[in-house]
Amino acid sequence: MADDLKVAGFKSSELISSLGSVFESFSPAEKTSQIKKTNGVFEIVVKKPQGPSPAAPEAIWTIDLKKAGKVTKGRTPAGTKADVTITMDDETFVDLASGKLNGQKAFMSGKLKTKGNIMLATKLDGLLKGAKAKL
């Protein structure tokens, strides 16, 4: 299941795939706890810089920690609304997930943009760190 989350050419897709695997491995109690703790739907838009071309390709994933407790590839499914959309480039996501970059610093420096509930966006750091610990 987690392999269908991968997008060729994006380093971040490996990390998202791992995150999906972690969510799949959760017991029902762990999943319920994570949903209760986070209570939000993240839409992650990762752009890949492509030189001078104005249209950089992008990959989009949805992390539903409001109802389903899973990661899907693509925009938020119909009937579900993203509480926050987070946009960044591939390298920034990799740095965030590895702990090299703090989400707040990425936001303040313009490397990470949010649309929607900015307070929910602050939970992404903890979510990535928690998933990394489970790997």
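By convention here, each chain's residues receive numbers from 1 onward along its written sequence. Note on the predicted model: pLDDT of at least 70 is required for a residue's local features to be given, and 80 or more for side-chain atom pairs to be given and counted; whole-chain, interface and lining totals, by contrast, use all residues. Working from all heavy atoms in the structure, the side-chain values ignore hydrogens and water.

- Going by what an unreviewed UniProt entry lists, the chain is known as SCP2 sterol-binding domain-containing protein and is assigned to Lentinula detonsa.

1. Thoughts on the packing of helix α1 (residues 12-25) against helix α3 (residues 90-98)
Right, on to step 1. A fitted line through C-alpha atoms represents every axis, and for helices the fit uses only the stretch in contact; the resulting angles, taken between N-to-C directions, go from 0 to 180 degrees. Comment: elements are numbered from the N terminus, with helices defined as DSSP H or I runs of at least four residues and strands as E runs of at least two. α3 packs onto α1 with a crossing angle of 45 degrees between their chain directions and a minimal axis gap of 9 Å. Considered as vectors, α1 and α3 are oriented oblique to each other. Side by side, α1 and α3 meet where Ser12, Leu15 and Ile16 of the first sit next to Asp90, Phe93, Val94 and Ala97 of the second. For classification, angles of less than 35 degrees are called roughly parallel, those exceeding 145 degrees roughly antiparallel, those between 65 and 115 degrees roughly perpendicular, and all remaining angles oblique. Every residue pair with non-hydrogen atoms within 4.5 Å of one another is taken to be in contact.

2. Thoughts on the packing of aromatic side chains
To describe a pair of aromatic rings, you give the distance between the ring centres and the angle between the ring planes.
Right, on to step 1. The aromatic pairing rule takes the rings of Phe, Tyr and Trp, using the six-membered ring of Trp, and pairs them if the centres are within 6.5 Å, calling planes under 30 degrees apart stacked, those over 60 edge-to-face and the rest tilted. Inspection of the entire model under this criterion finds one aromatic pair.
Right, on to step 2. Aromatic pair Phe23 and Phe26: ring centres 5.6 Å apart, planes at 40 degrees, arrangement tilted.
Right, on to step 3. For every residue, the accessible area (1.4 Å probe, protein chains only) is compared with the maximum for its type, and the residue is labelled buried under 20%, exposed over 50%, or partly exposed between those bounds. Judged by its relative accessible area of 12%, Phe26 falls in the buried class.
Right, on to step 4. Two limits define a charge over a ring: the Lys NZ or Arg CZ must be within 6 Å of the ring centre, and within 35 degrees of the ring normal. Its guanidinium or amino end placed over the ring of Phe10, Lys48 lies 5.8 Å from that ring's centre, counting from NZ or CZ.

3. Quick word on a nonpolar patch on the surface
Right, on to step 1. Any residue with relative accessible area above 30% and no salt bridge may belong to a patch, with like charges joined within 9 Å and the nonpolar Val, Leu, Ile, Met, Phe, Trp and Tyr side chains within 5 Å. Computed with a 1.4 Å probe, the accessible areas rest on the Shrake-Rupley method; for each residue, only the protein chains presented here act as cover. Here, a salt bridge means any Lys or Arg side-chain nitrogen found within 4 Å of an Asp or Glu carboxyl oxygen. Side chains of Phe107, Met108, Ile118 and Met119 sit close together on the surface and give an oily, nonpolar patch of about 440 Å² of accessible area.
Right, on to step 2. Looking at the nonpolar patch, the elements with two or more residues in it are α4 (103-108) and α5 (118-121).
Right, on to step 3. With respect to the element layout, Met108 can be found in helix α4.

4. Thoughts on the pairing of strand β1 (residues 40-47)
Right, on to step 1. With seven of its eight residues buried, β1 lies for the most part within the structure.
Right, on to step 2. A pair of strands is labelled paired if DSSP reports no fewer than 2 bridges between them. Of the pairings in the sheet, the one linking β1 to strand β2 (residues 58-65) comprises eight bridges and is antiparallel in character. Looking at the pairing, Val41 lines up with Asp64 of β2.

5. Thoughts on the sheet that holds strand β3 (residues 70-73)
Right, on to step 1. Across the sheet, five strands lie side by side as β3-β2-β1-β4-β5; this open sheet has mixed pairing. Whereas interior strands pair on both sides, the edge strands pair on one side only; in this sheet they are β3 and β5 (112-116). Mean inter-strand twist for the sheet, computed between neighbouring axes without regard to direction, equals 20 degrees.
Right, on to step 2. When strand β4 (residues 84-89) meets β5, the two strands line up antiparallel, connected through five bridges. Note on β5: the bridge partner recorded for Met88 is Leu112.
Right, on to step 3. The strands that helix α6 (residues 123-134) touches are β1, β2 and β4; relative to β1, the one it contacts most, it runs at about 85 degrees.

6. Here's the deal with the environment of Gly103
Right, on to step 1. Tracing the sequence through the fold places Gly103 in helix α4.
Right, on to step 2. Relative accessible area serves as the criterion here: at 15%, Gly103 is assigned to the buried category.
Right, on to step 3. Considering only alpha carbons, one finds Gly103 and Ile60, 43 residues apart in sequence, at a separation of 18 Å.

7. A word on the nonpolar core
Right, on to step 1. To define a nonpolar core, start from buried Ala, Val, Leu, Ile, Met, Phe, Trp, Tyr and Cys residues and group those joined through side-chain atoms within 4.5 Å. Phe23, Phe42, Ile44, Ile63 and Ile86 are the most contacted members of the largest nonpolar core, which has 31 residues in total.
Right, on to step 2. At the level of elements, α1, β1, β2, β4, α3, α5 and α6 are the ones that each hand at least two residues to this core.
Right, on to step 3. Excluding its chain neighbours within four sequence positions, the residues that come into contact with Phe23 are Lys31, Ile63, Leu65, Gly69, Lys70, Val71 and Leu127.

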